[in-house]
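What follows is the residue order along each chain.
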Amino acid sequence: MSANELWGGRFAKGPAEIMERINASIDFDRRLYRQDITGSMAHSSMLMEQGIISREDGEKIQEGLQTILREIEAGNFKTDPALEDIHMHVEARLREIIGDSAGRLHTGRSRNDQVATDMRLWVRDTMDHLDGELKALQEALLGQADAEAGTVMPGFTHLQAAQPVTFGHHMLAYLEMFSRDRDRLKDARARLNECPLGSAALAGTSFPIDREMTAKELGFDRPTANSLDGVSDRDFALEFLSFASICSMHLSRLAEEIVIWSSAQFRFVTCSDSFSTGSSIMPQKKNPDAAELIRGKAGRSAGAFTCLLMMMKGLPMTYGKDMQEDKEPVFDAADNLQLCLAAMSGMISDITVNRDVMKGASGAGFTTATDLADWLVRKLDMPFRNAHHVTGALVKMAENKDCGLEDLSLEDMQTVESTITKDVFDVLGVDNSVASRVSYGGTAPSKVREQVAAWTQRLAGE
Ligand code: ARG
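Residues numbered from 1 in each chain as written. Predicted model: local features only at pLDDT ≥ 70, side-chain atom pairs only at ≥ 80, totals over all residues. Heavy atoms only, no water.

## Things to note about the overall build of the chain
Okay, so step 1: Helix and strand content of the chain: 19 helices and 6 strands.
Okay, so step 2: In terms of overall dimensions, the chain is more spread out than a globule: its C-alpha atoms have a radius of gyration of 31 Å, far above the 23 Å expected for 462 residues.
Okay, so step 3: Within the chain, buried positions represent 50% of all 462 residues.
Okay, so step 4: Long-range pairs, those at least 24 residues apart, make up 74% of the contacts in the chain between residues at least 6 apart in sequence.
Okay, so step 5: Here the chain has roughly 22,100 Å² of accessible surface; of this, 51% comes from carbon and sulfur atoms. (Helix = DSSP H or I, 4+ residues; strand = E, 2+ residues; numbered from the N terminus. Rg over C-alpha atoms; globule rule 2.2 N^0.38 Å. Buried < 20%, exposed > 50% of the residue type's maximum accessible area, 1.4 Å probe, protein only. Contact = heavy atoms within 4.5 Å. Areas by Shrake-Rupley, 256 points an atom, 1.4 Å probe, with all protein chains shown as cover.)

## A word on a negative patch on the surface
Okay, so step 1: Among the surface-exposed residues, Asp27, Asp322, Glu325 and Glu328 lie close enough to one another that they form a single negatively charged patch.
Okay, so step 2: Tracing the sequence through the fold places Asp27 in helix α2 (residues 26–29).
Okay, so step 3: Asp27 gets classed as exposed once you look at its relative accessible area, which sits at 69%. (Patch = residues over 30% accessible without salt bridge, like charges linked within 9 Å, V, L, I, M, F, W, Y side chains within 5 Å. Salt bridge = Lys/Arg side-chain N within 4 Å of Asp/Glu carboxyl O. Lys, Arg positive; Asp, Glu negative; His and termini not counted. Charge placed at Lys NZ, Arg CZ, Asp CG, Glu CD.)

## Notes on the site of the ligand
Okay, so step 1: Around the ligand sit Ser25, Asp85, His87, Arg111, Asn112, Val115, Tyr319, Gln324 and Lys327, and those are all the residues in its vicinity.
Okay, so step 2: Here a nitrogen atom of the ligand and a side-chain polar atom of Asp85 are 2.8 Å apart.
Okay, so step 3: In this structure, Gln324 approaches the ligand through a side-chain N or O atom, which is 2.7 Å from a nitrogen atom.
Okay, so step 4: Here the ligand, which alone exposes 350 Å², has 86% of that area covered by the protein.
Okay, so step 5: If one sorts the elements of the shell around the ligand by residue count, helix α6 (residues 111–147) sits on top with 3 residues.
Okay, so step 6: A per-class count over the shell around the ligand returns 2 nonpolar, 4 polar and 3 charged. (Near = heavy atom within 4 Å. Polar contact = N/O pair within 3.5 Å; in protein donor to acceptor, adjacent residues only side chain to side chain. Nonpolar A, V, L, I, M, F, W, Y, C, P; charged D, E, K, R; others polar.)

## Some points on the packing of aromatic side chains
The way to describe two aromatic rings as a pair is by their centre distance and the angle between their planes.
Okay, so step 1: Counting across every chain of the model gives 5 aromatic pairs.
Okay, so step 2: Between Phe240 and Phe243 the ring centres are 6.0 Å apart and the planes differ by 40°, which places this aromatic pair in the tilted class. Residue Phe240 and its partner Phe243 are located together in helix α10 (residues 235–261), separated by 3 residues, close to a single helical turn.
Okay, so step 3: An aromatic cluster is defined as three or more aromatic residues linked by ring pairs; in this entry it consists of Phe156, Phe266 and Phe268.
Okay, so step 4: Lying over the aromatic face of Phe331, Arg31 brings its terminal NZ or CZ to 4.7 Å of the ring centre.
Okay, so step 5: Sitting above the plane of the Phe220 ring, Arg124 keeps its charged end 4.8 Å from the centroid. (Phe/Tyr/Trp six-rings, centres within 6.5 Å; stacked < 30°, edge-to-face > 60°. Lys NZ or Arg CZ within 6 Å of the ring centre and 35° of its normal.)

## Some words on the pattern of salt bridges
Okay, so step 1: Taken as a whole and judged by the stated rule, the model has 29 salt bridges.
Okay, so step 2: Of the charged contacts in the structure, one is a salt bridge between Lys359 and Asp431, with a shortest N-O distance of 2.4 Å. Taken together, the residues Lys359 in helix α13 (residues 355–362) and Asp431 in helix α18 (residues 430–436) connect sequence positions 72 residues apart.
Okay, so step 3: Residue class for Lys359 comes out partly exposed when judged on its relative accessible area of 37%.

## With respect to helix α14 (residues 369–380)
Okay, so step 1: Along its 12 residues, α14 runs 16 Å from first to last C-alpha, staying within 8% of the 16 Å computed at 1.5 Å per residue.
Okay, so step 2: Turning to α14, its buried residues number three or more, namely Ala369, Asp371, Leu372, Ala373, Trp375 and Leu376.
Okay, so step 3: Directly beyond the C-terminal end of α14, a positive phi value near 55° is found at Asp381. (Expected span 1.5 Å × (residues − 1).)

## Some remarks on the nonpolar core
Okay, so step 1: If you look at the biggest cluster of nonpolar residues, it comprises 90 residues, and the most contacted ones within it are Leu251, Ile258 and Met344.
Okay, so step 2: Here this core takes 14 residues from α10, the largest share from any one element.
Okay, so step 3: The residues touching Ile258, leaving out its near neighbours within four places in the chain, are Cys271, Ala291, Met344, Met347, Ile348 and Ile351.
Okay, so step 4: Within the second largest apolar cluster, 22 residues are counted, among which are Phe366, Ala369, Leu372 and Leu394. (Core = buried A, V, L, I, M, F, W, Y, C linked by side-chain atoms within 4.5 Å.)

## Comments concerning the packing of α6 against helix α7 (residues 167–192)
Okay, so step 1: For the pair α6 and α7, the least separation of the axes is 9 Å and the interaxial angle reads 165°. It follows that α6 is roughly antiparallel to α7 by the angle criterion. In the packing of α6 onto α7, the handedness of the crossing is left-handed.
Okay, so step 2: Of the residues belonging to the contact of α6 with α7, the class tally is 16 nonpolar, 4 polar and 9 charged. (Axes fitted to C-alpha atoms, helices over the stretch in contact; angles between N-to-C directions. Parallel < 35°, antiparallel > 145°, perpendicular 65-115°, else oblique. Left-handed = near helix turned anticlockwise from the far one by under 90°.)

## A short note on the pairing of strand β2 (residues 160–166)
Okay, so step 1: Direction of pairing for strand β1 (residues 152–157) relative to β2: antiparallel, over a ladder of 6 bridges. In the sheet register, Met153 faces β2, and the bridge partner there is Val165.
Okay, so step 2: Between β1 and β2, which follow one another and run antiparallel, lie 2 residues, and His158 among them has a positive phi close to 55°. (Pairing = 2+ DSSP bridges.)

## Considering unusual backbone geometry
Okay, so step 1: Of note, the bond from Met317 into Thr318 is cis; its omega dihedral lies within 30 degrees of zero at 0°.
Okay, so step 2: With respect to the secondary-structure elements, Thr318 resides in the loop between α11 (289–313) and α12 (327–350).
Okay, so step 3: Phi angles above zero are rare outside glycine, and His158 is one such case at about 55°.
Okay, so step 4: Structurally, His158 is set in the loop between β1 and β2.
Okay, so step 5: Of the residues examined, His158 reaches a relative accessible area of 73% and is grouped as exposed.

The following block contains the structure:
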């Protein structure tokens, strides 16, 4: 095997076959082709502008790059592991098309700053795309919140029935989580948006390059200020993966609730056929597979984050080939998150809420006991601790009689606390309970409707 065409000057013979295989990244980094060509277009424009290469060479380079872009997009691009990565593939093809002028493209640049730039561009594009997917999911949740603002369901702590809440309120809780995810994206994007191109191998370059120009042309806010950091920083990818892990965790919690709610024991919701599958042996089954896969894939996002964090933690400055390993976790997490967001939006839009079942379950477990205690405080001026005690005795009585609090007679209640009046029944039903929770951020249908209106306006402006 002969020495590598692009860097083999000092090598007497080519690499072992196994070396070639461990070294090659083309199978996965070919996904960077568009960013790689965009970066080279900006770099060659700058080289021409600065008189570092001639107009003639620069124009040939740029035409060649456009040809390569078309070839790749048409699926006519052959890869060869000997050419290692996307950067060398593009350059080698450019040489085939335009000849020796191709060799001038790499002036004042290294693959180290090139790949750092390409990855930032790719992650930035992906962030923008995912932000749109997150917004679509928020809109699906908002649609359900609007439709189900007055639908009563049991609210849980410890997965034990706690107090009645509204399903609309529950949907809005997730909308808030995804809003924080979008904020995290925005913060990370602002920090990502500096251009490492021109850091060269690690030390900068002696050519009179204009880094402001390339940064601007590529949509970055400014060039990175330190060439060593420019080539060796992967914080932007880590921040992206940390966002992806947290967002996947949110998706997984919602997925878990859908799995619970759609079980025969709960029947709070019915998933549409489009997001369920059957069992090959049990004809009655309709499984919430999409929800389970979303829950399962959350582990992969967290794994991707850990993978990159561990890969980076022992690297001395500056570039190390280890860093080639940043790509697969980033691509995998991005692909999965995109899929999960789209599946979750579809599932939420399509879900049927079984209002009667939810409402029927929402009184079970004495979920209005807090309302009763609050009533004793408000109407009978009892200290809350005494009211808590009296309510406890009434819950015990209802439990013995195997009935709900609202099914106890006034006489029975008065044997526990003689001053209770018939007005108490006004707070005991689940509808009364949720309607009374009007504190800011509370679950009352009136409050949910206010939040729905505020979110409708906010999302329309984004
Ligand atoms: N494929 C490499 C990567 O992704 C490109 C940079 C190679 N740089 C080098 N000095 N060998 O990291």
